[in-house]
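Coordinate analysis (summary)
Here is what each chain is made of, one letter per residue.
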Amino acid sequence: MNRDPNCVFCKIVAGQIPSKKVCEDDDLIAFHDIAPWAPVHVLVIPKEHIASFYDVGDAHTAMLGRIMALAPRLMRELGVTNGFRTLVNTGVDGRQEVPHLHVHVMGGPRPWAKG
Ligand code: AMP
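Definitions and limits used
Residues numbered from 1 in each chain as written. Predicted model: local features only at pLDDT ≥ 70, side-chain atom pairs only at ≥ 80, totals over all residues. Heavy atoms only, no water. Phe/Tyr/Trp six-rings, centres within 6.5 Å; stacked < 30°, edge-to-face > 60°. Lys NZ or Arg CZ within 6 Å of the ring centre and 35° of its normal. Core = buried A, V, L, I, M, F, W, Y, C linked by side-chain atoms within 4.5 Å. Buried < 20%, exposed > 50% of the residue type's maximum accessible area, 1.4 Å probe, protein only. Helix = DSSP H or I, 4+ residues; strand = E, 2+ residues; numbered from the N terminus. Salt bridge = Lys/Arg side-chain N within 4 Å of Asp/Glu carboxyl O.

Okay, the packing of aromatic side chains next. Between two aromatic rings, the relevant description is the distance of the centres plus the angle of the planes. Going through the model one piece at a time under the given rule, you end up with one aromatic pair. For the cation-ring pair, Arg110 lies above Trp112, with the distance from its terminal atom to the ring centre recorded as 3.6 Å.

In this structure, Val42, Val44 and Leu74 are the most contacted members of the largest nonpolar core, which totals 17 residues. Looking at this core, the elements with two or more residues in it are strand E2 (28–32), strand E3 (40–46), helix H2 (61–77) and strand E5 (103–107). The element contributing the most residues to this core is H2, with six residues.

Going through the model one piece at a time under the given rule, you end up with five salt bridges. Here Lys47 ties to Glu24 by a salt bridge, and the two come within 2.8 Å at their closest N and O atoms. Highlighted residues: Lys47 in the loop between E3 and H2 and Glu24 in strand E1 (residues 21–24), separated in sequence by 23 residues. Arg66 is paired through a salt bridge with Asp25; the nearest N and O atoms lie 2.3 Å apart.

Shown next as C-alpha cells:
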C-alpha cells in the first residue's frame, strides 16, 4: 500500500500519532477531527496515501463508494439525526490543508464553529 512517511494522516493510519478513531477496516479509517467545526466532525480517509481528490481515478471508485456509504452510517451511529454536511477540499485553491484524501462529515445541532 502506498504510504507517505511525512504525511500526518499516514502516521495516524500507522498508529504513529494518536487519533480518536471511530471505525477502521482494511481500506478505510474514520476519526474525529482535531479542530471540529461542528458537534460531530469526522474525517473518513483511505488508508492508502492518495494526495487529493484530484488524483482519484477509475481504480478508486469502489473505495469512494465505500466512503460515501460509510458517512451516513457513522452519522447515525454518532447520534446525528437532523442532517449532516460532507466536504472534500481539493488542492491549494480548494483550501486543502492535509495532502491525503479525506472526506469531512459534519453534523449535530447548530450553531457550528464554522461551515
Ligand atoms: P482540509 O483543509 O480539508 O485539508 O482539512 C484538514 C483537517 O484535518 C482539518 O479540519 C484539521 O483540523 C484536521 N486535522 C489535522 N491534523 C489532524 C489530526 N492529527 N487529527 C485529526 N484531525 C486533524
